[in-house]
Amino acid sequence: NAGVTQTPKFQVLKTGQSMTLQCAQDMNHEYMSWYRQDPGMGLRLIHYSVGAGITDQGEVPNGYNVSRSTTEDFPLRLLSAAPSQTSVYFCASHFTGGQGFEQYFGPGTRLTVT
Amino acid sequence: AQKITQTQPGMFVQEKEAVTLDCTYDTSDPSYGLFWYKQPSSGEMIFLIYQGSYDQQNATEGRYSLNFQKARKSANLVISASQLGDSAMYFCAMRVRGAQKLVFGQGTRLTINP
């Protein structure tokens, strides 16, 4: 049971480049989310998904796209990277139901846009 | 809207002392959950403890306890007998009923001195 996995761990992009951050979970969780963490700040929600084929925007969605074709995978796409997207990105997943469920986080991807 | 406030950017504590990390929250929803996460220098997010708004007793998990004062809207984390390995960033977070996102505070950097 690997939990939540993310690739890559580190990435450097030039302004205007595109890339996809990968996220996968093997716990059969319905819900998956992407957060970003900027220096000195807590995590902020980018996009989330309540199940395969269903996604919605979070607090800071601009510049990012997501899709959820399977329960296991939830990739995050940067279509045209900007320096403002330099951040650490966390993928998370959890079961449905209530508000007491623990959210499992991946190890994070550190992205630098120059 | 929901909001989490952590007013202590940094704290320094001697090893073996108890430490309290402050967290206040704001929500109009009567049903919510409060979480604490630890983020060591390695970057991963580690779940520590959860408190539900209807829980009658304060949550405890080993050396961690949550001092929940509903009327004051505070959910302080207490770490007893601190250890060098407790040095990390600590985040307070909240989820309200029906929402699928966690709202995070800005965090408190805890340093344990030998």
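Report follows, based on the coordinates. This is a predicted model, so every value here is computed, not measured.

**Focus: the overall build of chain B**
Along its length, chain B carries 0 helices and 12 strands. Secondary structure of chain B in N-to-C order comes out as β-β-β-β-β-β-β-β-β-β-β-β. Against the 2.2 N^0.38 benchmark of 13 Å for 114 residues, chain B shows a C-alpha radius of gyration of 14 Å, consistent with a compact globule. A principal-axis box enclosing the C-alpha atoms of chain B has dimensions of 40 × 25 × 20 Å. A buried classification covers 50% of the 114 residues belonging to chain B. Surface exposure of chain B reaches about 5400 Å², of which carbon and sulfur atoms provide 48%. Computed over 11 positive and 9 negative side-chain charges, the separation of the two mean positions in chain B equals 6 Å.

**A look at the state of the cysteines**
All names here are of chain B. A full pass over the atoms with the stated rule returns 2 disulfides over all chains. A sulfur-sulfur separation of 2.0 Å characterises the disulfide bridge that pairs C23 with C92. Disulfide C23 to C92: torsion about the S-S bond roughly -65 degrees, handedness left-handed. One end of the pair, C23, is in the loop between strand 3 (19-21) and strand 4 (24-26); the other, C92, is in strand 10 (residues 88-96), with 69 residues separating them in the sequence.

**Here we look at the interface of chain A and chain B**
The interface is formed by 20 residues belonging to chain A together with 20 residues belonging to chain B. Of the roughly 1700 Å² buried where chain A meets chain B, counting both sides, 56% is carbon and sulfur surface. The interface formed by chain A and chain B holds 0 salt bridges in total. Summed over the shared surface of chain A and chain B, the number is 3 residue pairs in polar contact (both at pLDDT 80 or more).

**Concerning the pairing of strand 11 (residues 109-113) of chain A**
Residue and element names in this part refer to chain A. On strand 11, burial follows the alternation: T109, L111 and V113 on one face are buried, whereas R110 and T112 on the facing-out side are not. The pairing of strand 2 (residues 10-13) with strand 11 spans 4 bridges and is classified as parallel. In the strand pairing of strand 11, V12 is matched with T112.

**Section: the nonpolar core**
The biggest cluster of nonpolar side chains holds 27 residues, and the ones touching the most others in it are W36, L77 and Y90 of chain B. Counting residues per element, this core draws most heavily on strand 10 of chain B, at 5 residues. Sequence-distant contacts of Y90 of chain B, that is, excluding residues within four places in its chain, are made with Q6, L21, W36, Y37, K38, L48, L77, I79, G107, T108 and L110 of chain B. Grouped together as the second largest cluster of nonpolar side chains are 20 residues, V60, L78, Y89 and C91 of chain A included.

**Structural notes on the packing of aromatic side chains**
Scanning the entire structure with this criterion turns up 13 aromatic pairs over all chains. Following the ring pairs from residue to residue traces out a cluster consisting of Y35, F90 and F105 of chain A together with F35, Y37, F47, Y50, F91 and F104 of chain B. Lying over the aromatic face of Y64 of chain B, R63 of chain B brings its terminal NZ or CZ to 5.7 Å of the ring centre.

**Focus: the sheet that holds strand 7 (residues 64-66) of chain A**
Across a sheet, strands are paired by hydrogen bonds formed along the backbone, either parallel or antiparallel in direction. Residues and elements named next belong to chain A. Spatial strand order, 1-3-8-7: 4 strands in an open sheet with antiparallel pairing. Among the strands making up the open sheet, the edge pair consists of strand 1 (4-7) and strand 7. Within the sheet, the average angular offset between the axes of one strand and its neighbour, ignoring direction, is 20 degrees. As paired strands, strand 3 (residues 19-25) and strand 8 (residues 76-78) are joined by 3 bridges and run antiparallel to one another. Bridge pairing in strand 8 links M19 to L78.

Rules and cut-offs
Residues numbered from 1 in each chain as written. Chains lettered and ligands numbered in written order. Predicted model: local features only at pLDDT ≥ 70, side-chain atom pairs only at ≥ 80, totals over all residues. Heavy atoms only, no water. Helix = DSSP H or I, 4+ residues; strand = E, 2+ residues; numbered from the N terminus. Rg over C-alpha atoms; globule rule 2.2 N^0.38 Å. Buried < 20%, exposed > 50% of the residue type's maximum accessible area, 1.4 Å probe, protein only. Areas by Shrake-Rupley, 256 points an atom, 1.4 Å probe, with all protein chains shown as cover. Lys, Arg positive; Asp, Glu negative; His and termini not counted. Charge placed at Lys NZ, Arg CZ, Asp CG, Glu CD. Disulfide = S-S within 2.5 Å. Contact = heavy atoms within 4.5 Å. Buried area = accessible area lost by both parts, 1.4 Å probe. Salt bridge = Lys/Arg side-chain N within 4 Å of Asp/Glu carboxyl O. Polar contact = N/O pair within 3.5 Å; in protein donor to acceptor, adjacent residues only side chain to side chain. Pairing = 2+ DSSP bridges. Core = buried A, V, L, I, M, F, W, Y, C linked by side-chain atoms within 4.5 Å. Phe/Tyr/Trp six-rings, centres within 6.5 Å; stacked < 30°, edge-to-face > 60°. Lys NZ or Arg CZ within 6 Å of the ring centre and 35° of its normal. Axes fitted to C-alpha atoms, helices over the stretch in contact; angles between N-to-C directions.

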